[in-house]
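The lines below spell out each chain.
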Amino acid sequence: MKRLTREQIAMRVAHDIPEGAYVNLGIGLPTKVSNYLPAQREIILHSENGLLGMGPAPSPGMQDEDLINAGKQPVTLLAGGAFFHQADSFAMMRGGHLDICVLGAFQVSAGGDLANWHTGAPDAIPAVGGAMDLAVGARQVFVMMEHQTKTGESKIVEQCTYPVTGIACVDRIYTDLAVLDVTPAGLVVREILADISFAELQEATGVKLAGRS
Amino acid sequence: MINKIFASPQAAVADIHDGATVMIGGFGNAGMPLALINALIDQGARELTVVNNNAGNGDTGLAALLQAKRVRKIICSFPRQVDSHAFDALYRAGQIELELTPQGNLAERIRAAGAGIGGFFTPTAYGTLLAEGKETRVIDGRHYVFETPIHADFALIKAHCGDRWGNLVYRKTARNFGPIMATAAKCTIAQVARVAELGELDPEVVVTPGIFVKRVVPPAPGQEMQP
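Presented here is a report on the structure given in the accompanying data block.

Criteria and cut-off values
Residues numbered from 1 in each chain as written. Chains lettered and ligands numbered in written order. Predicted model: local features only at pLDDT ≥ 70, side-chain atom pairs only at ≥ 80, totals over all residues. Helix = DSSP H or I, 4+ residues; strand = E, 2+ residues; numbered from the N terminus. Buried ≥ 20, exposed ≤ 12 C-beta atoms within 10 Å, placed from the backbone. Axes fitted to C-alpha atoms, helices over the stretch in contact; angles between N-to-C directions. Parallel < 35°, antiparallel > 145°, perpendicular 65-115°, else oblique. Left-handed = near helix turned anticlockwise from the far one by under 90°. Contact = placed C-beta atoms within 7 Å. Nonpolar A, V, L, I, M, F, W, Y, C, P; charged D, E, K, R; others polar. Pairing = 2+ DSSP bridges. Arc of directions from axis to C-beta.

## Regarding unusual backbone geometry
Right, on to step 1. With a phi angle near 45°, alanine 168 of chain A is a residue other than glycine that sits in the positive phi range.
Right, on to step 2. One can find alanine 168 of chain A in the loop between β9 (156-157) and β10 (172-174).
Right, on to step 3. By the C-beta count within 10 Å, which is 16 here, alanine 168 of chain A ends up partly exposed.
Right, on to step 4. Positioned with a positive phi, glutamate 47 of chain B is a non-glycine residue whose angle comes to about 60°.
Right, on to step 5. Take glutamate 47 of chain B: it is sitting in the loop between α2 (34-43) and β2 (48-51).

Laid out in structure tokens, this is it:
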């Protein structure tokens, strides 16, 4: 089976982000999406530590320790960008002003529950950051993740076994095998991305798929 | 004449008492008031409750305050990081209490304290471990969780410029928690990179009006930023 690479998943997500969208890209895998946003579209990136209009990484020697992203990496500000404090930054999320956020996940349930903040392991030190605010706040929540764990278990599940980040908050899932929409009728396959049949995709997925759109 | 300029970080933090709740600005190292934290370590106050987004990075600033065993409890959103070894060691040894709160709830709880709000209902964290035991309510068909304000005795923040009335402007993403923490503490102490003359800061761009600030600490001699 030929699965998409992580870069290819990022490319596929970027393709679906429209002109004029205000977007937050979560820490980790979703950050890669910024590398593939079509140059002809004006898309405004939000970073929860307090900026809109985030630009790419600075060239060597141009880093500014006061200009960082949510992953604490140096970034730049585009013309038209703005800085603001934390309460405003999270008002942008919670108040429904962000069009899209893209998050990584350990698991997503058929009903759109998201688990991405804590493994629940007894020795794990929990950390949540802005994940729960993003999950409930953005108007559309996209998840990007591998379809299965390294040991071959589906990350799309009936009920999350990891502690949840938000309930019924995910709208669409991008994996290395497919794009799936979370709908009231269940998970609908929007697009198969690997060289597999619907039946094979169903085989790799931990819940019954509701059909194709 | 009002003059909130303090001669030194040491003078500005001298009255922070044992058991105080201290908000410390910054997101990672951006906006962290290093001179004030170092002065607080030297001052020696113990059993502190610290409010910060993180729980220290590396071995300086908040991490050094933790390593000096001055912090009884930390309220934060994202303690675990690649360089949070100072916190990790204390936490695993059971030597520090952690109140984990989602970042937006942390911000809004601080804002609520500063604005005199007794609490608020937020959709964030509904149905999760971080809402366990908290009051919930359905408003217009949506589930919300009740969150309470976080007040502090002191806030230690970093701004770019300040004047003798305490008006502040910030620099880039170092602004982060500064403006809201300034409102939520009985005594806000701002470390600035430059002291401005009264009237020099454009009133249209002042971010924190001086009413929220009690003390302004200039940079050490030779460390001033140019206007």
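## Side note on the packing of helix α2 (residues 86-94) of chain A against helix α5 (residues 103-115) of chain B
Right, on to step 1. The N-to-C vectors of α2 of chain A and α5 of chain B enclose an angle of 125°; their axes lie 9 Å apart at closest approach. When the axis of α2 of chain A is compared with that of α5 of chain B, the two are oblique. Two packed elements cross with a definite hand, and for α2 of chain A against α5 of chain B that hand is left-handed. Contact with α2 of chain A, carried on its side by Gln86, Ala87, Phe90, Met93 and Arg94 of chain A, involves Gln103, Gly104, Ala107, Glu108 and Arg111 of chain B of α5 of chain B and no other residues of that element.
Right, on to step 2. When its residues are assigned to classes, the contact of α2 of chain A with α5 of chain B shows four nonpolar, three polar and three charged.

## A few points about the pairing of strand β5 (residues 100-103) of chain A
Residues and elements named next belong to chain A.
Right, on to step 1. Both faces of β5 are covered, namely the face carrying Ile100 and Val102 and the face carrying Cys101 and Leu103.
Right, on to step 2. As paired strands, strand β1 (residues 22-25) and β5 are joined by three bridges and run parallel to one another. Looking across to β5, one finds that asparagine 24 is bridged to cysteine 101.
Right, on to step 3. Where β5 meets strand β8 (residues 140-144), four bridges bridge the pair, whose relative direction is parallel. Bridge pairing in β8 places valine 102 opposite phenylalanine 142.

## Comments concerning helix α1 (residues 6-15) of chain A
Residues and elements named next belong to chain A.
Right, on to step 1. Along α1, the positions that sit buried rather than exposed are Ile9, Ala10, Val13 and Ala14. Angularly, the buried residues of α1 cover 140° about the axis, an arc narrow enough to put them on a single face. Facing away from the buried surface of α1 by more than 90 degrees, the exposed residues are Glu7 and His15.
Right, on to step 2. Among the structural elements, β5, β8 and β10 are those in contact with the buried residues of α1.

## Some points on the environment of glycine 50 of chain A
All names here are of chain A.
Right, on to step 1. By the element assignment, glycine 50 lies in the loop between β2 (44-47) and β3 (51-55).
Right, on to step 2. Glycine 50 sits in the buried class, given 28 other C-beta atoms within 10 Å.
Right, on to step 3. Along the primary structure glycine 50 and leucine 67 are separated by 17 residues, whereas in three dimensions their C-alpha atoms are 9.6 Å apart.

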